[in-house]
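# Working through the structure, step by step
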Amino acid sequence: MEFIGYLLLSWLDPSLLLLTAAGTLAGIYVGAIPGLSVTMAASILISFTFKWEVNEALALISGVFIGGVYGGSRTAILLNIPGAPSAIATAIEGYPMAKRGEAGTAIGLTTVMSVIGGFVGILALAFFAPMISKIAIMFTSRDYLLLGMIGILLVGTLSGESFAKGAFAGALGVLIGMVGLDPMTAEGRFTFGTITLMGGIPYVVAMIGFFGVAEAFVQLHKLDLPVVKQKVDRIIPKLSDVKRYFWLAMRASGIGTIIGALPGTGGDIAALLAYDDAKRATKKPEVPFGEGAKEGLIAPEAANNSAVGGAFIPMLTLGIPGDAVTAVIIGALYIHGLKPGPLMIAETPHLFWFIVGNLTLANIFLLIFGLTGIKVFTKIVECPKAILIPLIIILSSVGAYAIQNNPVDIYWMLLFGVIGYFLKTYGFQVGPIILGVILGPMMDANYRRAMIGARGDIGTFLWDFLSNPISLILLTAFLLMLISQTPLWRIVKQWRREPSS
């Protein structure tokens, strides 16, 4: 029963308890600021915790991780500016709720469901790490390519009734993501001979421009509209709502945990898949999706927080980071003389159980801090637009500049803001663009690896998809999803409804 002592170590040690609390609180506010990513915060913390004990460093970084993933939902709901890519789907449903004066309800629901998702991910880490890691290690480059293609196809479901507009927006995002040096040959792609474009366009800059600045431009047409007073008298969700959406949150958490356990994926893809699952599974939502459906708010938040526990699974069992933050944490472990991998749990079980206990503690602090300070946050929405819009543009500029300390990123942000404004004006959603920017490079890299594995032979490349069970399942899912968006599918559904003569 020694593992119980390791599990409760951060609960019983006042300094570790304080570090976990401070990390979680800081993570919430870092995650809420577009441009200040959790990965950036974790990277900076490593330099501060270099001489600390490993437990102290992990306590602080784990708290920031848990809080930061959730924090992106705050500005997504209040300002339609996702603090992180994993909050893009949250903005789709949360911002319409804020415009109706229901920001308190939206934030309360996201907090509770995020905590539920977090606990599911942590339980999976504690009890199913070996099994899930075996599944994850079976995925090859072609499987990640298919996952990316499925993700791009799913963005069509984020674009209201027009799949064509969603596909166009996703393709535009992929095009933006391809700018820069080729990862295999180091040749410039879409750089037009400009050194500035050699390093590519940071997706956070695109995200701030398409969401923050574009939304500010759109709001210029609504300066005369009365300010919507937010209802924050009841922040804690009703027990009936929690019961009603509990199983939806559990299903989304399962999706998030599995996706989080796949190396290199993370909460953004998990949130997207969970949102799409909720949209397909919910037959009669109280409010249509895209207009403030609670189901579409709950699913991505439960999924992206459960992906945190899932991301630790390949990191601790395989030495492969589940996402960017766990890649930073691997660096921290190496700095402290530890080697994540298959032997880590067997050789240092105390560290494994300490991480599980610490993530659990951080998740409890997330519930406490997530349900406090909401009245201060909601005052942002009630601020007059004449003050709020310039403030959004200033903060967006600071966030864009802070990524690389490069003033050129501010110009990119403004350009994407103008493009996003016109796209929104003509009924396009900008969420698929950001997802395309993120998934595009992943698809490109895995396609190249898969072709190298097939020795450049297209026949072998295609046969690999059919001969491998995982690839075949993913390919079948992709084709079915593609067909479901065509007129042929509607004809088949209509034919099935017609009574047989």
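Residues numbered from 1 in each chain as written. Predicted model: local features only at pLDDT ≥ 70, side-chain atom pairs only at ≥ 80, totals over all residues. Heavy atoms only, no water.

## Topic: the overall build of the protein chain
The number of helices and strands found in the protein chain is 23 helices and two strands. Looking at the 501 residues of the protein chain, the share that counts as buried comes to 56%. Within the protein chain, contacts between residues at least 6 apart in sequence are counted, and of these 79% link residues at least 24 apart. If you sum the accessible surface of the protein chain, you get close to 22200 Å²; carbon and sulfur atoms cover 69% of it. (Helix = DSSP H or I, 4+ residues; strand = E, 2+ residues; numbered from the N terminus. Buried < 20%, exposed > 50% of the residue type's maximum accessible area, 1.4 Å probe, protein only. Contact = heavy atoms within 4.5 Å. Areas by Shrake-Rupley, 256 points an atom, 1.4 Å probe, with all protein chains shown as cover.)

## What to know about the packing of aromatic side chains
The tally for this structure, following the rule as stated, stands at 12 aromatic pairs. Ring centres 5.2 Å apart and planes at 80° place the aromatic pair F246 and W247 in the edge-to-face group. On the accessibility criterion, F246 (29% relative accessible area) is partly exposed. Between the aromatic rings of W412 and F416, the centroid separation amounts to 5.6 Å while the plane-to-plane angle is 25°, which identifies the pairing as stacked. Note that W412 and F416 are positioned in helix α19 (residues 408-425) at a spacing of four residues, about one turn of the helix. For F416, a relative accessible area of 3% translates into the label buried. Pairwise contacts between aromatic rings join F210, W412 and F416 into one cluster. Stacked on the ring of F428, the Lys or Arg K165 has its end atom at 5.2 Å from the ring centre. (Phe/Tyr/Trp six-rings, centres within 6.5 Å; stacked < 30°, edge-to-face > 60°. Lys NZ or Arg CZ within 6 Å of the ring centre and 35° of its normal.)

## Some details on the nonpolar core
By size, the foremost hydrophobic cluster in this structure holds 58 residues, and its most contacted members are L58, F65, L125, F312, L316, I329 and L333. Where this core is concerned, the elements lending two or more residues are α3 (14-31), α5 (54-79), α6 (88-99), α7 (103-137), α13 (294-318), α14 (324-335), α16 (349-370) and α18 (385-404). (Core = buried A, V, L, I, M, F, W, Y, C linked by side-chain atoms within 4.5 Å.)

## A word on the environment of I88
With respect to the helices, strands and loops of the structure, I88 is situated in helix α6. Contact partners of I88, with chain neighbours within four places excluded, come to P82, F211, G431, I434 and L435.

Structural measurements only, silent on function.
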